[in-house]
Amino acid sequence: MNNPLFSELVSDFDINLNIKSIASYGTGHINDTFLVSTLPEDAPDYILQRKNHKIFKDVEGMMKNIVITTDHIRNKLEKAGVSEVNRKVMTYIPAKDGKMYVNDKDGNFWTLFLFIADCVVVENIQKPDQAYSAARAFGHFQEQLSDLPGDLLIETIPNFHNGLSRLKDFQTAISNDAAGRVSDNQWLIKSILDRGNEMTSIQRGLNDKTLPLRITHNDTKINNILFDQDNNTLCIIDLDTVMPGSALYDFGDAIRTLGNTAPEDEPDLSKITFNKPIYEAFAKGYLSEAKSFLIQAEIDNLAFSCRYMAWEQGMRFLCDFLNGDTYYKTDYQGHNLVRAKAQIRYLEVLEENRSVMEEIVRESCLN
Ligand code: ADP
Ligand code: GN1
Ligand code: MG
């Protein structure tokens, strides 16, 4: 595909590229991502991304967050004399007018950033050593941002992982029943509502400050980390949701995809089982980095955070299904319902493994 509109958009950025092709890329649920291949063959390639401004209502603020975050990490890497810095932190290209995005005539927001070549994106990790490295990378990312004042960053999506407000949205979706789908899904709805009190404890802890707010990634799905060909982690990507949050959400969200032997939208619920070796490797890797800065109340909630994120995500998918599929990209009719059922089944699996998960956290803290 070489749509002239895309080439025109790229030409509004402050960089001269000899474009070979522009093609759709990746499997994200929110933004539209395109790989901009350039000539000569060995010149760097770029990613052109349309930010979903219905979801990210303040793209300007979001891009400021990203610039603050990436500049902060880049400075640290450069000071430490790390090699190939552009492969270890995202490099965004400003527009010719100095903004960090370009608007098209329909009011969409487009960004351009360096494509990190020869990287591997893993949708389903099976090797514990990869999980260990991924966990260290997420822990290190939180550590790198720990000295950045939180009030520099805006909330790119207010109340993003706030269980209390997510639950309220869910209750509103049930009352509105916009797509007439409530009556057929009573059992699933009940299994989410029944857990409401237990699952909102992290947010209550943040509200009463027994749990700290930190700058966190907030979307630690495993395909948001780039590996090199030798399984070393290179770079954490998808920084749209970097903002104040809880370290628990990052840990729990990573295990939401990593600790599940099946994909997040697996229709065959019998395939959804707990991947203990991967969980164990992730807990060890994460705590090897994060033990130094986490407080005891966070460590005590790490295993629980995995159940929380499965619940939250199940509720978000079902909420979108009840609203008539307005938020997530879907591949087929009923996709969000399949996703929600898979997340709630995964939650049950985690509940069955609760004590083993807690024991692994305790052991990992001793190492
Ligand atoms: P979304 O928010 O829709 O998930 P991402 O920013 O995660 O979008 O990008 C989608 C996919 O594009 C990623 O999963 C990854 O495969 C690829 N990708 C994103 N950024 C880079 C990059 N800098 N270098 C290489 N690949 C990337
Ligand atoms: C979305 O953008 P992507 O595909 O990495 C979503 C996450 C969900 C995830 C579920 C901004 O992530 O919160 O956990 O889908 N991102 C946003 O797969 O809502
Ligand atoms: Mg992504």
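Residues numbered from 1 in each chain as written. Chains lettered and ligands numbered in written order. Predicted model: local features only at pLDDT ≥ 70, side-chain atom pairs only at ≥ 80, totals over all residues. Heavy atoms only, no water.

**Regarding the sheet that holds strand β2 (residues 32-38)**
Right, so step 1: Taking strand neighbours across the sheet as the criterion, the five strands line up as β1-β2-β3-β5-β4 in an open arrangement whose pairing is antiparallel. Each edge of the open sheet is held by one strand with a lone partner, namely β1 (19-24) and β4 (102-103).
Right, so step 2: Summarising the sheet, strand β3 (residues 46-51) and strand β5 (residues 109-114) pair through six bridges and their orientation is antiparallel. When the bridges of β5 are listed, Arg50 appears paired with Trp110.
Right, so step 3: This element, helix α1 (residues 4-11), spans β1, β2, β3, β4 and β5 of the sheet and lies at about 110 degrees to β1. (Pairing = 2+ DSSP bridges. Helix = DSSP H or I, 4+ residues; strand = E, 2+ residues; numbered from the N terminus. Contact = heavy atoms within 4.5 Å. Axes fitted to C-alpha atoms, helices over the stretch in contact; angles between N-to-C directions.)

**Points about the site of ligand 2**
Right, so step 1: Around ligand 2 lies a shell of 17 residues, among which His29, Lys221, Glu264, Gln313 and Tyr327 are the nearest.
Right, so step 2: One of the side-chain N or O atoms of Asp238 is found 3.1 Å from an oxygen atom in ligand 2.
Right, so step 3: Between ligand 2 and the protein, one listed contact pairs an oxygen atom with a side-chain N or O atom of Tyr327 at 2.5 Å.
Right, so step 4: If ligand 2 stood free it would expose 440 Å²; the protein chains cover 97% of that surface.
Right, so step 5: Per-class residue counts for the shell around ligand 2 are seven nonpolar, four polar and six charged. (Near = heavy atom within 4 Å. Polar contact = N/O pair within 3.5 Å; in protein donor to acceptor, adjacent residues only side chain to side chain. Areas by Shrake-Rupley, 256 points an atom, 1.4 Å probe, with all protein chains shown as cover. Nonpolar A, V, L, I, M, F, W, Y, C, P; charged D, E, K, R; others polar.)

**What about the site of ligand 1?**
Right, so step 1: By nearness alone, 20 residues border ligand 1, and Asn31, Gln49, Ile116, Asn224 and Asp238 come closest of all.
Right, so step 2: The separation between an oxygen atom of ligand 1 and a polar side-chain atom of Gln49 is 3.1 Å.
Right, so step 3: In this structure, Leu114 approaches ligand 1 through a main-chain N or O atom, which is 3.1 Å from a nitrogen atom.
Right, so step 4: Starting from 540 Å² of accessible surface for ligand 1 in isolation, the protein chains cover 96%.
Right, so step 5: Sorting the residues of the shell around ligand 1 by element identifies β3 and β5 as the ones contributing at least two each.
Right, so step 6: The residues that make up the shell around ligand 1 include at least three from each of domain 1 (4-114) and domain 2 (128-366). (Domains from an automatic or database assignment.)

**Topic: unusual backbone geometry**
Right, so step 1: Cis geometry marks the peptide bond from Leu39 to Pro40, where omega comes out at -5 degrees.
Right, so step 2: Looking at the secondary structure, you find Pro40 in the loop between β2 and β3.
Right, so step 3: With phi around 65 degrees, Lys209 is a residue other than glycine that occupies positive phi space.
Right, so step 4: Along the chain, Lys209 turns up in the loop between α7 (201-207) and β6 (214-216).
Right, so step 5: Phi is positive for Asn218, close to 75 degrees, though the residue is something other than glycine.

**Things to note about the environment of Ala137**
Right, so step 1: Looking at the element boundaries, Ala137 is found in helix α3 (residues 128-144).
Right, so step 2: The buried category is assigned to Ala137, whose relative accessible area is 13%.
Right, so step 3: Those residues in contact with Ala137, other than ones at most four positions away along the chain, are Ile225, Thr233 and Ile236. (Buried < 20%, exposed > 50% of the residue type's maximum accessible area, 1.4 Å probe, protein only.)

**A short note on the pairing of β5**
Right, so step 1: The buried fraction of β5 is high, at six of six residues.
Right, so step 2: Of the strand pairs in this sheet, β4 and β5 are connected by two bridges, and their pairing is antiparallel. Residue Asn103 lies in a different strand from β5, and its bridge partner there is Phe109.
Right, so step 3: As consecutive antiparallel partners, β4 and β5 are separated by five residues, and within that stretch Gly107 has a phi angle of approximately 85 degrees, a positive value.

**Points about the packing of helix α9 (residues 276-290) against helix α10 (residues 296-322)**
When two helices pack together, their arrangement is captured by the angle between the axes and the distance separating the axes.
Right, so step 1: Remark: α9 packs on α10, axes separated minimally by 13 Å, with the N-to-C direction vectors making an angle of 145 degrees. Handedness of the α9/α10 crossing: right-handed. Together, Tyr279, Tyr286 and Leu287 of α9 and Ile299, Leu302, Ala303 and Cys306 of α10 make up the contact between the two elements.
Right, so step 2: Among the residues making up the contact of α9 with α10, the classes are represented as seven nonpolar, no polar and no charged. (Left-handed = near helix turned anticlockwise from the far one by under 90°.)

**Observations concerning the domain arrangement of the chain**
Right, so step 1: What the domain assignment lists for the chain is domain 1 (4-114) and domain 2 (128-366).
Right, so step 2: Using C-alpha coordinates to define each centre, domain 1 is positioned 26 Å away from domain 2.
Right, so step 3: Tallying the contact residues gives 25 residues for domain 1 and 27 residues for domain 2.
Right, so step 4: Buried area between domain 1 and domain 2, summed over both chains or domains, comes out near 2,300 Å², and the portion from carbon and sulfur atoms is 61%.
Right, so step 5: Counting across the interface, domain 1 meets domain 2 through three salt bridges.
Right, so step 6: Across the pair Asp147 and Lys76 runs a salt bridge whose closest N-O atoms are separated by 2.9 Å.
Right, so step 7: Seen at the junction of domain 1 and domain 2, the total is twelve residue pairs in polar contact (both at pLDDT 80 or more).
Right, so step 8: If one sorts the elements of the side of domain 1 that touches domain 2 by residue count, helix α2 (residues 59-79) sits on top with eleven residues.
Right, so step 9: Among the residues forming the side of domain 1 that touches domain 2, the class breakdown is ten nonpolar, nine polar and six charged. (Buried area = accessible area lost by both parts, 1.4 Å probe. Salt bridge = Lys/Arg side-chain N within 4 Å of Asp/Glu carboxyl O.)

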